[in-house]
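Architecture and fold: a report
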Amino acid sequence: MEEKAKGTRKAGRILLWSVAAIAVIAAAGAVGGKVMLEKTVADSIAKSGATAASVKADLIGHVHVTDLTLPIEEGQSLHVASVEARPEFLFLTGMIEASDLSFKSELYDVTVPNLKVENAGLNREFLAAMDENSALTPAERVERISAGQITIPQIDAKQNIEGIAQTTTYSDVVLKDIVNGHVGSYAAGEMRAQVTPPTGEDAPALPLSTTISIESIEGQDIDGPFLARIYTETSAGEDKNEPRLVYGPVSAKNFVMTMDEESISYGALKSSGFWMRLPEVPFFETVQALQESAQTQDMTDEQKQRLGLQVLSLIDTISKGDMEVSDMRVTSSEEPDMSFKIDRMAVAMDELVFDTEVEGVDIRAGDDFFTLQKATSSGFSFVPTMEAVRALIEAGPEGQDRLEVSAFMPAFGTITMTDYAVSATPDTENGFGVDETLEMSLKDFSVVFDEPFKGIPTGIHFAMDQLKIKLTDEKNEAVQIFRKMGYEEVTMSENIALRWDRAEKQLAIEDITLSGEDIGSISLAATIGNFGEEFFSGDKDLVQAAAFALTVHEISMELENDGLFSRALKLYADDKGISEGDAASIVALTLSVAAESLGDDQTILPVIDAVSAFIADPKTLAIAIKAKSDQGIGMPALMTAAMAPASLLQQVDISASAE
């Protein structure tokens, strides 16, 4: 594909340079008379290998050439029915007008009915820069290009690659304020494209026929010289390979893509621009290497390594950029009752760190729906992934086994959601097709993954606020118990905060809280010691061995009743046919008997007293257990305590209270 693109660029360059050369030579030869001027232009065309039906010129350098055919690579041709050109001459500005331009090749054809270049910088400096034998670099040559405006009313392109036919038309294309290769602004009135897959019994299964249209495109600031450097130069010798704005702000309106019965559209697309830096290997060279590798059966390890590093170099050239799409919709004539829309979707990238926002998601099918007011992702980074890939390539086949899989994980950053809701019912006509009724909503959700170690986050904060679920599942036993207690729906919130201290080898479970409206809450916290780097190794055997060395330093729990305990006690009383007071006494007695099984150790008494008080008047209950030793309690002691709980009492301090 790159060779084809290079052919197109070469064809356009030959056209521009040849026309410019004709005009400049004409101006230089004007003093020799009209006849001599025409002969000079004709000789120049012949020497370049081009042919023309006629050449006419006047004494001020105005040249008119008809039926101009320019030599290109084998299998390609460029024909221009008519070219008029005038160089900068006295008070006159440079100008080029061409009509019926046609470029043909085996795979694609491009036609331009007419083209006009106004205030063209056609002078001897430009001609010298366009000389194939010039010592100027491609970027320096681009810097010699200037024009007030280039107007192309229509561009038609047709291509056929492996049976996939595509036609594309651009209308009212205008480029303005081209100064030293920099394009000040550009616009296209409309773009339409039609993609048709091959047909027939032997045709491969490909996407459906597709039509694409864009109402208008507008943009600013294209840095042509720097783009030329990216394609042809390297970052070697650069003190600071700073990124530069290569494409400025751009916007497009009313994009529509139709695939048979489906249609995807958006009202507007915009970007503030894209920044790039020079690659370690020129873009052209890397593309050529990729093409050669596709045709090479057996590549050496050294060749694979070099190619891999070249591809990474291409990725490194992209510094930052952003894109925003608004009023996105998906419709289907086959499913008229189903709709999908997103009010806004934006992505921003800065050195492989991505921030994403999605607003106003609304999906409906019949009476079923899914809505989401806003979702965001910030700080999602591919930097660690790219570093791991580079290390993998540089290590070669012999060193790849030493790389841990977790190192390839990206940094996930922060994810949030606001006002999420879903409603779906079985057997609903044109619905989502669920097997069970689903009614739920969520006010806020967030999860933070930070301080990754070997690709694994060492700090996690998960928060969920007001998850509301209707209890409609007739087969779920837990749901039925809650319904017996009088709950038709539950509204739950959750908070989890974990953090690993690498230096102290401690895992702090800062908070695990689950709460519910008219239910209550339970909170847990703990500190675990000897939590070393082995748990981030990805080695299952090593992790299992390290788990036996873990120690527990402290655990705390707080229970708050807001209706669940009272309802559960009533349910138990009703089930047993006794009063709620008798039910409370039975629960208290059961706990007392369980405590007696631990022996006569007084350590457990504060817990028994606090629990008994909570049962009598269920409000809040707090219990804290702390190891007496600074070393904590090891796994062997905890395993023993599972069989003989009393063995643990002498190793801990226990406090408990009820309010």
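Overview of the structure.

About the criteria used
Residues numbered from 1 in each chain as written. Predicted model: local features only at pLDDT ≥ 70, side-chain atom pairs only at ≥ 80, totals over all residues. Heavy atoms only, no water. Helix = DSSP H or I, 4+ residues; strand = E, 2+ residues; numbered from the N terminus. Buried < 20%, exposed > 50% of the residue type's maximum accessible area, 1.4 Å probe, protein only. Contact = heavy atoms within 4.5 Å. Pairing = 2+ DSSP bridges. Salt bridge = Lys/Arg side-chain N within 4 Å of Asp/Glu carboxyl O. Phe/Tyr/Trp six-rings, centres within 6.5 Å; stacked < 30°, edge-to-face > 60°. Lys NZ or Arg CZ within 6 Å of the ring centre and 35° of its normal. Core = buried A, V, L, I, M, F, W, Y, C linked by side-chain atoms within 4.5 Å. Axes fitted to C-alpha atoms, helices over the stretch in contact; angles between N-to-C directions. Parallel < 35°, antiparallel > 145°, perpendicular 65-115°, else oblique. Left-handed = near helix turned anticlockwise from the far one by under 90°. Nonpolar A, V, L, I, M, F, W, Y, C, P; charged D, E, K, R; others polar.

A short note on the overall build of the protein chain
Of regular secondary structure, the protein chain possesses 15 helices and 28 strands. Looking at the 659 residues of the protein chain, the share that counts as buried comes to 34%. The contacts in the protein chain between residues at least 6 apart in sequence include a share of 59% that link residues at least 24 apart.

Focus: the pairing of strand E19 (residues 413-424)
As defined by bridge partners, strand E18 (residues 368-381) adjoins E19 across nine bridges and the pair is classed as antiparallel. Paired with Leu-372 across the two strands is Tyr-420, which belongs to E19. Two strands pair when backbone bridges link them, and E19 and strand E20 (residues 438-453) are joined in this way by eleven bridges, in the antiparallel orientation. Bridging across to E20, Tyr-420 finds its partner in Leu-442.

Some details on the pattern of salt bridges
One side chain can pair with another of opposite charge once the charged atoms of both are near each other. Tallied over the full model, the rule gives 21 salt bridges. Between Asp-223 and Arg-244 there is a salt bridge, with the nearest N and O atoms lying 2.9 Å from each other. With Asp-223 in strand E10 (residues 210-223) and Arg-244 in strand E11 (residues 244-247), this pair connects stretches of sequence that are 21 residues apart. The buried category is assigned to Asp-223, whose relative accessible area is 6%. The residue Glu-359 makes a salt bridge to Arg-344 at a minimum N-O spacing of 3.3 Å. Placement of Glu-359 in strand E17 (residues 353-365) and of Arg-344 in strand E16 (residues 338-350) is noted, with a sequence separation of 15 residues between them.

Digging into the packing of aromatic side chains
How two aromatic rings sit relative to each other is given by the distance of their centres and the angle of their planes. Counted under the stated rule, the structure contains 16 aromatic pairs. On the basis of an interplanar angle of 65° and a centroid distance of 4.8 Å, the ring pair of Tyr-231 and Phe-283 is categorised as edge-to-face. Here the residue Tyr-231 occupies a position in helix H5 (residues 224-232), and Phe-283 occupies one in helix H6 (residues 283-294), the gap between them amounting to 52 residues. What makes Phe-283 partly exposed here is its relative accessible area of 23%. With a centroid separation of 5.9 Å and an interplanar angle of 85°, the aromatic rings of Phe-354 and Phe-382 are classed as edge-to-face. Taken together, the residues span a long stretch of sequence, with Phe-354 in strand E17 and Phe-382 in the loop between E18 and helix H8 (383-399) at a distance of 28 residues. Given a relative accessible area of 33%, Phe-382 falls into the partly exposed group. Among the aromatic side chains, those forming a connected cluster through ring pairs are Phe-354, Phe-380, Phe-382, Phe-412 and Phe-449. For the cation-ring pair, Lys-320 lies above Trp-275, with the distance from its terminal atom to the ring centre recorded as 4.7 Å. In this structure, Arg-567 packs its charged tip against the face of Tyr-487, placed 4.1 Å from the ring centre.

Here we look at the environment of Ala-268
In this structure, Ala-268 sits in strand E13 (residues 262-271). Using a relative accessible area of 27% as the deciding quantity, one classes Ala-268 as partly exposed. Each C-alpha atom of the pair Ala-268 and Asn-254 lies 5.8 Å from the other, and the pair is 14 residues apart in sequence.

Remarks on the nonpolar core
Counting 60 residues, the largest nonpolar core has Leu-68, Val-117, Ile-152 and Ile-230 as the members making the most contacts within it. For this core, the leading source of residues is strand E5 (residues 108-120), giving five residues. Judged by nonpolar contacts, the second largest core, of 17 residues, contains Leu-569, Ile-615, Ile-633 and Val-652.

Remarks on the packing of H6 against helix H7 (residues 301-317)
Packed helices, taken two at a time, are described by their axes: the angle between them and the distance between them. Relative to each other, H6 and H7 sit at 135°, their axes nearing to 10 Å. Here H6 is positioned oblique relative to H7, judged by the angle of their axes. Handedness of the crossing formed by H6 with H7: left-handed. On H7, the residues touching Phe-283, Glu-285, Thr-286, Ala-289, Leu-290 and Ser-293 of H6 are Leu-307, Gln-310, Val-311 and Leu-314. Looking at the contact of H6 with H7 residue by residue, the classes come out as six nonpolar, three polar and one charged.

Quick word on the pairing of E17
In terms of strand pairing, E16 meets E17 through twelve bridges, oriented antiparallel. Considered in E17, the bridge of Lys-341 is made with Asp-362. Count of turn residues in the E16/E17 antiparallel hairpin: two residues, of which Glu-351 carries a positive phi of about 50°. Sheet analysis places E17 next to E18, joined by eleven bridges and oriented antiparallel. Paired with Val-358 across the strands is Ala-375, a residue of E18. Between E17 and E18, which follow one another and run antiparallel, lie two residues, and Gly-366 among them has a positive phi close to 65°.

A few points about the side chain of Gln-310
Positionally, Gln-310 belongs in helix H7. When near neighbours in sequence (up to four residues on either side) are disregarded, Gln-310 contacts Val-281, Glu-285, Thr-286 and Ala-289.

Examining the environment of Glu-242
As for its position among the elements, Glu-242 is in the loop between H5 and E11. Expressed as a C-alpha distance, the spacing of Glu-242 and Leu-278, which sit 36 residues apart in the sequence, is 8.2 Å. Non-local contacts of Glu-242, meaning those with residues more than four positions away in its chain, are made with Met-276 and Arg-277.

Observations concerning unusual backbone geometry
With a phi angle near 50°, Asn-119 is a residue other than glycine that sits in the positive phi range. By the element assignment, Asn-119 lies in strand E5. Overall, the relative accessible area of 44% leaves Asn-119 in the partly exposed class. Phi angles above zero are rare outside glycine, and Asp-327 is one such case at about 55°. Classification of Asp-327 as partly exposed rests on a relative accessible area of 34%.

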